[in-house]
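Okay, here's what each chain looks like letter by letter:
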Amino acid sequence: MSGAPAPAWLRWLPVGLLVLIPLLQILVERPVDLGFLLGAIPPLATLGYGPLGTTLFSAAVLVLLNISTVNLDRPGQGDLIVVTFVAVLSIAISWMRRRRAAQITTIRTVAEAAQLAVLPPLPPRVDGVRCAGLYRPAQRGTLVGGDLFDVRRGPYGVRALVGDVQGHGIAAVGTVTSLLGAFREAVLDEEELAGVAARLDRRLVVDAEDAAAGAVTVARVPEGDPDSVVGEPPAGQRSDPTSGELFATALLLEFRPHSAEVRVVSCGHPAPVLLRGTTAHEIEVQPSPPLGLGIAGLARPVEREVPLQPGDRVLAVTDGVTEARNDADAFYPLVDRAAQLAAEDPAELIAAIWRDLVAYARTIDDDVALLVFAPDPEGEEPDTGTVTGEVLESREGTNKEARGEG
C-alpha cells in the first residue's frame, strides 16, 4: 500500500478475529451465536491490507460461514447476501484507497520537489563560513511556509538572508519564492547590504501592486448572463483592495573575505545573537521598517559592523522561536538558553536549541527557522555531499510529537 504502512496491530486484528471468533463459538454453549461478528472482518481488512489481502479475508469469512463443524449457525440466504455484499464493498473500497494513496503520493512527491527547489537544504559550508540550519513549517504536510532563508556566495562575500513573510503555510510560498529570487540576484549586483534590502523591498511593493490589480480583474462572466461586464466581478464578489498588501521582516548578514567582522542589516526582524565561548548577547542593530512598505528605497537601512573573534558563532532565528511560550505564558529566553547550550559545532548547537525549545514551549504553532553561521576561513573545502540544513515536517498536537520530529 502506498504511503505509511498500517500499524502492526491493525494488520493482525482481522487475523486474530478470524481465528478467535470460530474458536469461541466452539467453546460457547448455545444459543449464543457469534457468527455475525465475522462480517466485520472484511471492512477491518481494508484498513491494513490492499485489494488482494481484503479478498482473501472475505473468502475466508464466506468459507467459515458454510463449515458446519465450526459450530456456527448455518446462515440463511439473506445472511449470505449481506455478508457477500459487505465483502465485495470492502474489496472495492480497498482498491479505491490504494488508487487514491498512489495519487496522493505522486502529488506529494511533486509538491516536495517544488518546495525544495524554492528552499533547498543549507550546505555545511559556503566559502569560509560554516553553516547549519533547521526549518519547521507550521502547516501540516508542507516543507515550506512563511519563513525563508538562503546563503549565497557573491563578489562581495558570503551573504545570508533570514526572513518571515506575512502569513504562513502554502499561502505564503509565493511571497517566499519572490523574495528568494530577488535576493539571489541582488547578492551578485549590490555592493552594500542596504542595496540588497532595497531590492527586496521593491520586489514586494511591485508584487503587491500586481496582486491588487489582479484581484479585481480575474472575475469570470457567468454563463447565460449577458449583462455581466468582462473583467469586473459581480456585486458582492469584489476583492478587498487591501488584499494585495505584502510585507516581510528580514535579517541580512554579510561575511566579507579576509575580514574578521559580520555586517548586519535588520528590516523589522529579531536581532541576531552573537555566541562567544559560553556567553551570548544580542547584536545591537538599528531596525529598519519591514520590507514591502516602500520605505527601504527612501530611507536606506542602517548597516552595523560587528567584529568577530575566532570561534564566534552568529545565531539567526525567526519569531517562531522568540515568541514561543511556556505554560506560564513566558517567551522563550533565546539569549540565556543559547549561552547555556553553546556548542562549537553549528549543527550540534542547532539541534540542542531545537530540543530545548520543544521542551520549553507548550505548543509550536508558527513557522520556525534556526540558523548558525561560524566564520572559519582556514577550514576545509566545501563538502557538497553533506547537508546540515534540516527541514522538519509540521505536526499538530503535543510537545511529545514535536520531539519525535527533532
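Reading guide: rules and limits
- Residues numbered from 1 in each chain as written.
- Predicted model: local features only at pLDDT ≥ 70, side-chain atom pairs only at ≥ 80, totals over all residues.
- Heavy atoms only, no water.
- Helix = DSSP H or I, 4+ residues; strand = E, 2+ residues; numbered from the N terminus.
- Buried < 20%, exposed > 50% of the residue type's maximum accessible area, 1.4 Å probe, protein only.
- Contact = heavy atoms within 4.5 Å.
- Areas by Shrake-Rupley, 256 points an atom, 1.4 Å probe, with all protein chains shown as cover.
- Expected span 1.5 Å × (residues − 1).
- Bend = angle between axes of the 7 residues up to and from the residue.
- Pairing = 2+ DSSP bridges.
- Patch = residues over 30% accessible without salt bridge, like charges linked within 9 Å, V, L, I, M, F, W, Y side chains within 5 Å.
- Salt bridge = Lys/Arg side-chain N within 4 Å of Asp/Glu carboxyl O.
- Phe/Tyr/Trp six-rings, centres within 6.5 Å; stacked < 30°, edge-to-face > 60°.
- Lys NZ or Arg CZ within 6 Å of the ring centre and 35° of its normal.
- Axes fitted to C-alpha atoms, helices over the stretch in contact; angles between N-to-C directions.
- Core = buried A, V, L, I, M, F, W, Y, C linked by side-chain atoms within 4.5 Å.

Per an unreviewed UniProt entry, the protein carries the name Serine/threonine-protein phosphatase and comes from Streptomyces koyangensis.

(A) Structural context of the overall build of the protein. When you go through the protein residue by residue, the secondary structure sums to 10 helices and 12 strands. Expressed as a percentage of the 406 residues in the protein, the buried residues total 42%. Contacts spanning at least 24 positions in sequence make up 70% of the contacts within the protein whose residues lie at least 6 apart. Of the accessible surface of the protein, which amounts to about 21000 Å², a share of 58% is contributed by carbon and sulfur atoms.

(B) Layout of helix α1 (residues 8–27). The terminal C-alpha atoms of α1, which comprises 20 residues, lie 28 Å apart, in line with the 28 Å expected from a rise of 1.5 Å per residue. Taking the largest bend as the criterion, α1 deviates by roughly 25 degrees, centred on G16. Considering only its buried residues, α1 is in contact with α2 (41–48) and α3 (51–65).

(C) Focus on the pairing of strand β8 (residues 279–282). In terms of strand pairing, strand β7 (residues 273–276) meets β8 through 4 bridges, oriented antiparallel. Within β8, the position partnered with L274 by the bridge is H281. Counted along the chain from β7 to the antiparallel partner β8, the turn is 2 residues long, and its residue G277 has a positive phi close to 65 degrees.

(D) Highlighting a nonpolar patch on the surface. A cluster of nonpolar side chains, namely L20, L23, L24, I26 and L27, defines an oily patch on the protein surface of about 460 Å² accessible area. Residue placement: L23 occurs in helix α1. Judged by relative accessible area, which is 43%, L23 ranks as partly exposed.

(E) The packing of aromatic side chains, seen in detail. Considering all chains together, one arrives at 4 aromatic pairs under this definition. Each ring, one from Y332 and one from Y360, has its centre 5.3 Å from the other, and the planes form 75 degrees; the classification is edge-to-face. Residue Y332 is found in the loop between α7 (319–322) and α8 (334–341), and its partner Y360 is found in helix α9 (residues 346–360); the two are separated by 28 residues along the sequence. Positioned above the aromatic ring of Y49, the side-chain terminus of R11 is 4.3 Å from the ring centre.

(F) Representation of the sheet that holds strand β4 (residues 157–165) within the structure. Read across the sheet, 5 strands follow the order β3-β4-β5-β6-β9 without closing on themselves; strand pairing throughout is antiparallel. Every interior strand has two partners, whereas the edge strands, β3 (147–154) and β9 (304–307), have only one. Within this sheet the neighbouring strands show an average axis-to-axis angle of 20 degrees, counted without direction. For strand β5 (residues 248–255) and strand β6 (residues 261–267), the ladder comprises 4 bridges, and the chain directions are antiparallel. Of the residues in β6, the one forming a bridge with E254 is R263.

(G) Inspection of the nonpolar core at higher detail. Core analysis: the biggest nonpolar cluster contains 52 residues, and L200, L252, L253 and F373 have the highest contact counts within it. Of the residues forming this core, the biggest block, 8 residues, is contributed by helix α5 (residues 173–189). In this structure, L252 is in contact with A160, L161, F183, L193, V196, A197, L200, R263, V264 and V265, ignoring residues within four places of it in sequence.

(H) The side chain of S178, seen in detail. As for its placement among the helices and strands, S178 is situated in helix α5. Those residues in contact with S178 that sit more than four places away from it in its chain are R203 and D207.

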